[in-house]
Amino acid sequence: MHVLVIGSTRGTGRLLVDRLLADGHDVRALVRRQEQADALAEAGATPVLGDLEGDLGAAFEGALDAVAFCAGSGSSTGPDATLRVDLHGAVRAIDHCLDAGVGRYVQLSSIAADDPLRGAEGIRHYLAAMHARDRILTDSGLAATIVRPGGLTDDDPTGHIEIGVPRLEAHGSVPRGDVAAVIAGCLGDDGTIGASFEFVSGTTPIGEALAALR
Ligand SMILES: NC(=O)c1ccc[n+]([C@@H]2O[C@H](COP(=O)([O-])OP(=O)(O)OC[C@H]3O[C@@H](n4cnc5c(N)ncnc54)[C@H](OP(=O)(O)O)[C@@H]3O)[C@@H](O)[C@H]2O)c1
């Protein structure tokens, strides 16, 4: 599968790049700077320069089966960056998929994005941006999966999660490596198309938890 990872340079997206490469996929990595391109090429991905706040076109040229959106403006920026990157940047990526005929899309969202008032007051603007973009994605017609992890950690992945039905408490956490495994698992499982689900660390093997979504 030809997969574009947006948000490929750090955190969950970077772990996803490695995982998809290990699984034999052709991985295109959106990066903003040349030194990042060099590092991603060294890892085995095909880097493409672009910016969610600027030109994105080159990222969607050529053979492309799926997009995994793992980018974000980060917790140290203000609400303006949240709007520009996490909301408008994500919506632009969805529009590029529609224009380029890329059908499959996995969105890294957040626990409590279904109802921003569930979240702590200081992050409600961020949850509201995610809520809006998740709804736009759902209504887009793309074959989408929306994954909503709890707080991300750099702990060693366990390969086990708990999916919340209907929803989890907003204070759980999960290692980024497990979130990358969940996204890769969704890309490889069309039974997850149309699903949007919250999850944290747990006791169910990831493959089994995803299979239960069908
Ligand atoms: N933190 C949490 O507890 C939590 C919980 C639930 C969900 N989430 C979601 O998970 C996402 C990933 O978090 P993370 O900590 O794993 O990753 P991260 O370290 O925050 O990495 C963010 C990625 O987004 C990229 N990015 C930022 N602005 C961009 C732009 N304008 N154009 C293109 N790429 C851009 C960054 O690239 P550069 O290296 O170029 O900056 C980087 O690759 C968050 O953004 C959030 O949406 C987070």
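Preceding block: the structure.
Because the structure is a prediction, the values reported are computed rather than measured.

Caption draft 1: Broad picture of the overall build of the protein. Secondary structure summary: the protein contains 6 helices and 11 strands in total. Its C-alpha atoms put the protein at 40 × 35 × 35 Å along the principal axes. With 214 residues in all, the protein has 48% of them scored as buried. In the protein, once contacts between residues fewer than 6 apart in sequence are set aside, the share between residues at least 24 apart is 68%. Carbon and sulfur atoms make up 50% of the accessible area of the protein, which amounts to about 9700 Å² in all. For the protein, the distance from the average position of its 17 positive side-chain charges to the average position of its 30 negative side-chain charges is 3 Å.

Caption draft 2: Quick peek at the site of the ligand. Taken together, the neighbourhood of the ligand is formed by 25 residues, with Thr-9, Arg-10, Thr-12, Arg-32 and Asp-51 sitting nearest. Between Asp-51 and the ligand, the recorded distance is 2.8 Å, taken from a side-chain N or O atom to a nitrogen atom. Protein coverage of the free-state accessible area of the ligand, which is 920 Å², stands at 87%. In this structure the site holding the ligand corresponds to the largest pocket. For the shell around the ligand, the secondary structure elements donating two or more residues are helix 1 (11–22), helix 4 (124–139) and strand 7 (151–153).

Caption draft 3: Quick peek at the sheet that holds strand 2 (residues 26–31). The sheet built from 9 strands is open, its strands ordered 3-2-1-4-5-6-10-8-11 with mixed pairing. In this open sheet, the two edge strands, each paired with only one partner strand, are strand 3 (46–49) and strand 11 (204–205). Pairing of strand 8 (residues 160–164) with strand 11 involves 2 bridges; the strand directions are antiparallel. Among the inter-strand pairings, His-160 is bridged to a residue of strand 11, identified as Pro-205.

Caption draft 4: Layout of the nonpolar core. Formed by 34 residues in total, the largest nonpolar core has its most connected members in Leu-16, Val-147, Val-182, Ile-183, Phe-197 and Phe-199. Ranked by residues supplied to this core, first place goes to helix 5 (residues 176–187) with 8 residues. Dropping the residues within four chain positions of it, Phe-197 is found in contact with Thr-145, Ile-146, Val-147, Arg-148, Ile-163, Val-182, Cys-186, Leu-210 and Leu-213. Grouped together as the second largest cluster of nonpolar side chains are 23 residues, Phe-60, Phe-69, Leu-142 and Ile-146 included.

Caption draft 5: Highlighting the pairing of strand 3. Relative to strand 3, strand 2 runs parallel, the two sharing 4 bridges. Bridged to Leu-30 within strand 3 is Val-48. Remark: the strand 2/helix 2 (residues 34–43)/strand 3 crossover connection has right-handed handedness.

Caption draft 6: Structural detail: the layout of surface pockets. Size it by volume and the largest pocket reaches roughly 1300 Å³. Along the walls of the largest pocket sit 46 residues, with Cys-70, Ala-71, Gly-72, Ser-73 and Gly-74 positioned nearest its centre. When contributions to the lining of the largest pocket are tallied by element, the ones reaching two or more residues are helix 1, strand 2, helix 3 (79–100), helix 4 and strand 7. Counted by class, the lining of the largest pocket contains 18 nonpolar, 20 polar and 8 charged residues.

Caption draft 7: Structural detail: unusual backbone geometry. For Ala-112, which is not glycine, the phi dihedral falls at a positive 75°. Mapped onto the fold, Ala-112 is located in the loop between strand 5 (104–108) and helix 4. Ala-112 sits in the buried class, given a relative accessible area of 1%.

What counts, and where the lines are drawn
- For every chain, the first residue of the written sequence is number 1, and numbering continues from 1 onward in sequence order.
- With the structure being a predicted model, the display of local features is reserved for residues of pLDDT at least 70 and the display and counting of side-chain atom pairs for 80 or more, all residues being used for whole-chain, interface and lining totals.
- Water and hydrogen atoms play no part in the side-chain values, which are based on all heavy atoms of the structure.
- Only DSSP runs of H or I reaching four residues or more are called helices, and only runs of E reaching two or more are called strands; each is numbered from the N terminus.
- The buried label goes to any residue with under 20% of its type's maximum accessible area, the exposed label to any with over 50%, and the partly exposed label to all in between, with areas taken from a 1.4 Å probe on protein chains only.
- Here a residue-residue contact requires only that any non-hydrogen atoms of the pair lie within 4.5 Å.
- Note on areas: Shrake-Rupley with a 1.4 Å probe; residue coverage comes only from the protein chains shown.
- Under the convention used here, Asp and Glu are negative, Lys and Arg are positive, and both His and the chain ends fall outside the count.
- A single reference atom marks each charge: NZ on Lys, CZ on Arg, CG on Asp, CD on Glu.
- We call a residue near a molecule or strand when any one of its heavy atoms sits within 4 Å of it.
- Two N or O atoms count as a polar contact when they lie within 3.5 Å, although within protein this holds only if one can serve as hydrogen donor and the other as acceptor, and sequence-adjacent residues are included solely when both atoms are side-chain atoms.
- Within this scheme a cavity is a closed region of a 1 Å grid, computed over the protein atoms alone, that accommodates a 1.4 Å probe without allowing it to escape, whereas a pocket is open but has protein on both sides within 12 Å along at least five of seven lines; lining residues each have an atom within 4 Å of a point.
- For a cavity or pocket, the test is whether more than half of a molecule's atoms lie within 2 Å of its grid points; if they do, the molecule sits there.
- What makes two strands pair is DSSP finding at least two bridges between them.
- Definition used in this section: a nonpolar core is a set of buried Ala, Val, Leu, Ile, Met, Phe, Trp, Tyr and Cys residues joined via side-chain atoms within 4.5 Å.
- Classification remark: right-handed applies to a crossover when, strands pointing away from the viewer, the course from the first strand over the helix to the second runs clockwise.
- Grid points are joined across faces, edges and corners, and a volume is the space filled by probe spheres set on the points.
- Under the grouping applied here, Gly and all other residues not named as nonpolar or charged are polar, the nonpolar ones being Ala, Val, Leu, Ile, Met, Phe, Trp, Tyr, Cys and Pro and the charged ones Asp, Glu, Lys and Arg.

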